[in-house]
Amino acid sequence: MANAGRGLNYGVDITFERFMARGFYYMATASLFNAHFRTADGRWFDTRYNRNYVLNLLAGKEWMTGRNR
């Protein structure tokens, strides 16, 4: 086993966020990326974590409770 390879990672991240308004909020993120490595003999392969994209969505609502609301 020899540590003679090379790695190449590149990508872009985008985030949309809405702060609390009338108790609602949300956030959406997207990542587009590539992750490759080159072996000592010059061949390129995808890494284990190269999924090409990731999407995340988060949303919520708050309700006021109690005497003072």
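Right, let's walk through the structure included here. This one's a predicted model, so the numbers in the text were calculated from it and none came from an experiment.

Thresholds, definitions, all that
- Residues numbered from 1 in each chain as written.
- Predicted model: local features only at pLDDT ≥ 70, side-chain atom pairs only at ≥ 80, totals over all residues.
- Heavy atoms only, no water.
- Helix = DSSP H or I, 4+ residues; strand = E, 2+ residues; numbered from the N terminus.
- Polar contact = N/O pair within 3.5 Å; in protein donor to acceptor, adjacent residues only side chain to side chain.
- Patch = residues over 30% accessible without salt bridge, like charges linked within 9 Å, V, L, I, M, F, W, Y side chains within 5 Å.
- Areas by Shrake-Rupley, 256 points an atom, 1.4 Å probe, with all protein chains shown as cover.
- Salt bridge = Lys/Arg side-chain N within 4 Å of Asp/Glu carboxyl O.
- Buried < 20%, exposed > 50% of the residue type's maximum accessible area, 1.4 Å probe, protein only.

1. Concerning the side chain of Ser 31
Piece 1. Relative to the elements of secondary structure, Ser 31 occurs in strand β2 (residues 24-38).
Piece 2. Here the side chain of Ser 31 touches Asp 13 through a polar contact of 2.5 Å, side chain to side chain.

2. Points about a nonpolar patch on the surface
Piece 1. A cluster of nonpolar residues, Val 12, Ile 14, Phe 16, Leu 32, Tyr 53 and Leu 55, forms a patch on the protein surface that exposes about 650 Å² of accessible area.
Piece 2. Secondary-structure elements contributing two or more residues to the nonpolar patch are β1 (6-21) and β4 (53-61).
Piece 3. Top element by residues in the nonpolar patch is β1. It accounts for three residues.
Piece 4. With respect to the helices and strands, Phe 16 occurs in strand β1.

3. Section: the pattern of salt bridges
Piece 1. Inspection of every chain in the model, using the stated rule, returns one salt bridge.
Piece 2. For the salt bridge of Asp 41 with Arg 43, the shortest nitrogen-to-oxygen distance reads 3.2 Å.
Piece 3. A relative accessible area of 54% places Asp 41 in the exposed class.

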